[in-house]
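Analysis of the macromolecular model
Each chain is listed here by its residues.
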Amino acid sequence: SLQCADGTLSPQTFTCESAVSADAQVPPELLWAKMSQEFTKIALGFRYAVYVSGTSDLQVPCSDVLDSTSGLGQGPTCAFTADRATLMITLGQGATIKLGDTIRTKSGVLKSSASSSTTASGMQVSLEIGNDLANIDFTLVASASQATTCTDISVTSAVQRGAFGRIISVQWSLGSTTPSVVRQQLADLLDASQGQLSLSISSRKLQAAARALEAERSTADKLSPWTLEVQGVASNWLQGTGTATTTILLMVAKVPSPVISTQQEQDVEMKREDPLQL
C-alpha cells in the first residue's frame, strides 16, 4: 500500500497525489499531525515535498522547523522521510505533549524545493490519534472480597493497557449498592484520594461508617452484612478513559462483652517472726 499526502493508505492500484509540487513556487501545506502507535513519535504530513531554507538535509533541528518545541521533551529530533512529505518528530525524555495540543511551524522557512524563494507562512494543526488507541483497560483489585469492619481495606488499580508510558489518574466513587450513610461517612476520604492509583480505608474509618449504618438499621438488621462497591474512572495523558468496579462484602464485627468476676476476700494470718517479701 502507499501512504497518500493526507495520511491515508491506498492500494497500489490507486494513484496518490504527488508529494512533489508541479510548481516549485507553491509553498508546502501542513495537513495533519498524528501520534504514532508507540506514542514516542509524531508525524507531520504535508501536501508537497518540504525543504528547509538553508539546507537540503533530511535531518534538521526541530527548532528550525517548529515555532516551539515546548512539550516535546529533552532533546527531540526531527527528520523528513525520503519523499520529504512527512516530518517525523521523535519525542525526548519527559515529553508532555498530548492529544489536542497545537503544533505550529515557523513562518518563512519551509518551501517546496531547494531552489524556491517562496516560503510558507506559519501553519498549525492539532495533534490527533487514530481509532481508540487512547482508551484504558484496567481492573480494580481489592485486598479482600470479604472482610469485617475491623479490617483495613485497600483497592488498587491494575492497568492492562492504556498508560502508554505515563501515570494514569483515577477518580474514585462508591456505587449505589453501598448504603447511602456509608457513602456520606467516606466522602471526605474519597475526596482526598482523587487522582491516586489506590484507595485505602482504615478500620477506624470503616467502623465509624458501620456505627452510622447500625444506628439507622432496625434491631433485626443491625448485624447483617453490607456491600462496599468501589468504582474507578481512569484517565491518561491521551485523554482516554476506562471504568472498573469491585465489591467487598463487609461482615459486622461482633465485639465480645468483657466478663467481670469478683474474687472472694481471703484473710491471711501473719506472725511477727514471718519474713515479709515484697
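See the structure above.
A few points on the structure. (Residues numbered from 1 in each chain as written. Predicted model: local features only at pLDDT ≥ 70, side-chain atom pairs only at ≥ 80, totals over all residues. Heavy atoms only, no water.)

Secondary structure summary: the protein chain contains four helices and 18 strands in total. Looking at the protein chain as a whole, 37% of its 278 residues qualify as buried. Entry remark: accessible area of the protein chain is about 16,300 Å², with carbon and sulfur atoms responsible for 48%. (Helix = DSSP H or I, 4+ residues; strand = E, 2+ residues; numbered from the N terminus. Buried < 20%, exposed > 50% of the residue type's maximum accessible area, 1.4 Å probe, protein only. Areas by Shrake-Rupley, 256 points an atom, 1.4 Å probe, with all protein chains shown as cover.)

Moving on to the sheet that holds strand β17 (residues 226-235). Think of a sheet as strands paired side by side through backbone hydrogen bonds, with each pair either parallel or antiparallel. The four strands are arranged β13-β18-β17-β15 in an open sheet whose pairing can be described as mixed. Each edge of the open sheet carries a strand with a single partner, namely β13 (146-148) and β15 (169-174). Between one strand and the next, the sheet's axes are offset by a mean angle of 30 degrees, whatever the strand orientation. As judged from the six bridges shared by β15 and β17, these two strands associate in the antiparallel manner. Paired with Trp172 across the two strands is Gly232, which belongs to β17. (Pairing = 2+ DSSP bridges. Axes fitted to C-alpha atoms, helices over the stretch in contact; angles between N-to-C directions.)

Glancing now at the nonpolar core. Ranked by internal contacts, the top residues of the largest apolar core, which has 32 residues, are Met35, Ile42, Leu44, Phe46 and Ile89. Those elements giving two or more residues to this core turn out to be β3 (30-35), β4 (41-46), α1 (62-65), β7 (77-80), β8 (86-90) and β11 (124-128). By size, the runner-up hydrophobic cluster in this structure holds 29 residues, among which are Trp172, Val182, Ala244 and Ile248. (Core = buried A, V, L, I, M, F, W, Y, C linked by side-chain atoms within 4.5 Å.)

Here the focus is the state of the cysteines. Under the criterion given, the structure shown has one disulfide. Here Cys62 is linked by a disulfide to Cys78, with a sulfur-sulfur distance of 2.1 Å. Note on the Cys62 and Cys78 pair: the S-S dihedral is about 110 degrees, so by sign convention the disulfide is right-handed. With a gap of 16 residues between them, Cys62 in helix α1 and Cys78 in strand β7 connect regions that are remote in the sequence. (Disulfide = S-S within 2.5 Å.)

On to the environment of Gly75. Among the structural elements, Gly75 can be located in the loop between α1 and β7. On the basis of relative accessible area, Gly75 is assigned to the exposed category, the value being 61%.

Residue Arg84 is not a glycine yet carries a positive backbone phi of 65 degrees. Inspection of the secondary structure assignment puts Arg84 in the loop between β7 and β8.

Here Ser157 is to be found in strand β14 (residues 153-161). Relative accessible area serves as the criterion here: at 13%, Ser157 is assigned to the buried category. In terms of polar contacts, Ser157 uses its side chain to reach the backbone carbonyl oxygen of Leu197, at 2.8 Å. In this view, Ser157 contacts Phe138, Thr139, Leu140, Val170 and Leu197; residues no more than four positions away in its chain are not counted. (Polar contact = N/O pair within 3.5 Å; in protein donor to acceptor, adjacent residues only side chain to side chain. Contact = heavy atoms within 4.5 Å.)

Between its first and last C-alpha atoms helix α4 (residues 203-216) spans 20 Å; for 14 residues at 1.5 Å apiece the expected length is 20 Å, and the two agree. Looking at α4, one finds that the buried residues are Leu206, Ala209, Ala210, Ala212 and Leu213. The buried residues of α4 occupy one face: seen down the axis, they fall within an arc of 160 degrees. Projecting away from the buried face of α4 at angles above 90 degrees are the exposed residues Arg204, Arg211 and Ala215. The elements touched by buried residues of α4 are β13, β14, α2 (180-185), β16 (198-201), β17 and β18 (241-251). (Expected span 1.5 Å × (residues − 1). Arc of directions from axis to C-beta.)

Below, the discussion takes up the sheet that holds β14. Strand order in the open sheet formed by three strands is β12-β14-β16, with antiparallel pairing between adjacent strands. Sheet topology places β12 (137-142) and β16 at the edges, where each strand pairs with a single neighbour. Each strand axis lies, on average, 15 degrees off the axis of its neighbour in the sheet, ignoring direction. Note: β14 against β16, four bridges, orientation antiparallel. In the sheet register, Val155 faces β16, and the bridge partner there is Leu199.

Turning our attention to the packing of aromatic side chains. Taken as a whole, this structure holds zero aromatic pairs when the rule is applied. Lys34 extends its terminal NZ or CZ atom over the ring of Trp32, reaching a point 5.2 Å from the ring centre. (Phe/Tyr/Trp six-rings, centres within 6.5 Å; stacked < 30°, edge-to-face > 60°. Lys NZ or Arg CZ within 6 Å of the ring centre and 35° of its normal.)

Turning next to the side chain of Lys111. With respect to the helices and strands, Lys111 occurs in strand β10 (residues 110-111). Here Lys111 is buried and forms no salt bridge, its nearest opposite-charge partner Asp64 lying at an N-O distance of 13 Å. Other than its neighbours up to four places away in sequence, Lys111 contacts Pro28, Ala49, Val50, Tyr51, Ser53, Ser116, Thr118 and Thr119. (Lys, Arg positive; Asp, Glu negative; His and termini not counted. Salt bridge = Lys/Arg side-chain N within 4 Å of Asp/Glu carboxyl O.)

Sheet topology places β4 next to β8; five bridges connect them, and they run antiparallel. Directly across from Gly45, in β8, lies its bridge partner Thr86. In terms of strand pairing, β7 meets β8 through four bridges, oriented antiparallel. Bridge pairing in β8 places Thr77 opposite Thr90. Between β7 and β8, which pair antiparallel in sequence order, lie five residues; one of them, Arg84, sits at a positive phi of approximately 65 degrees.

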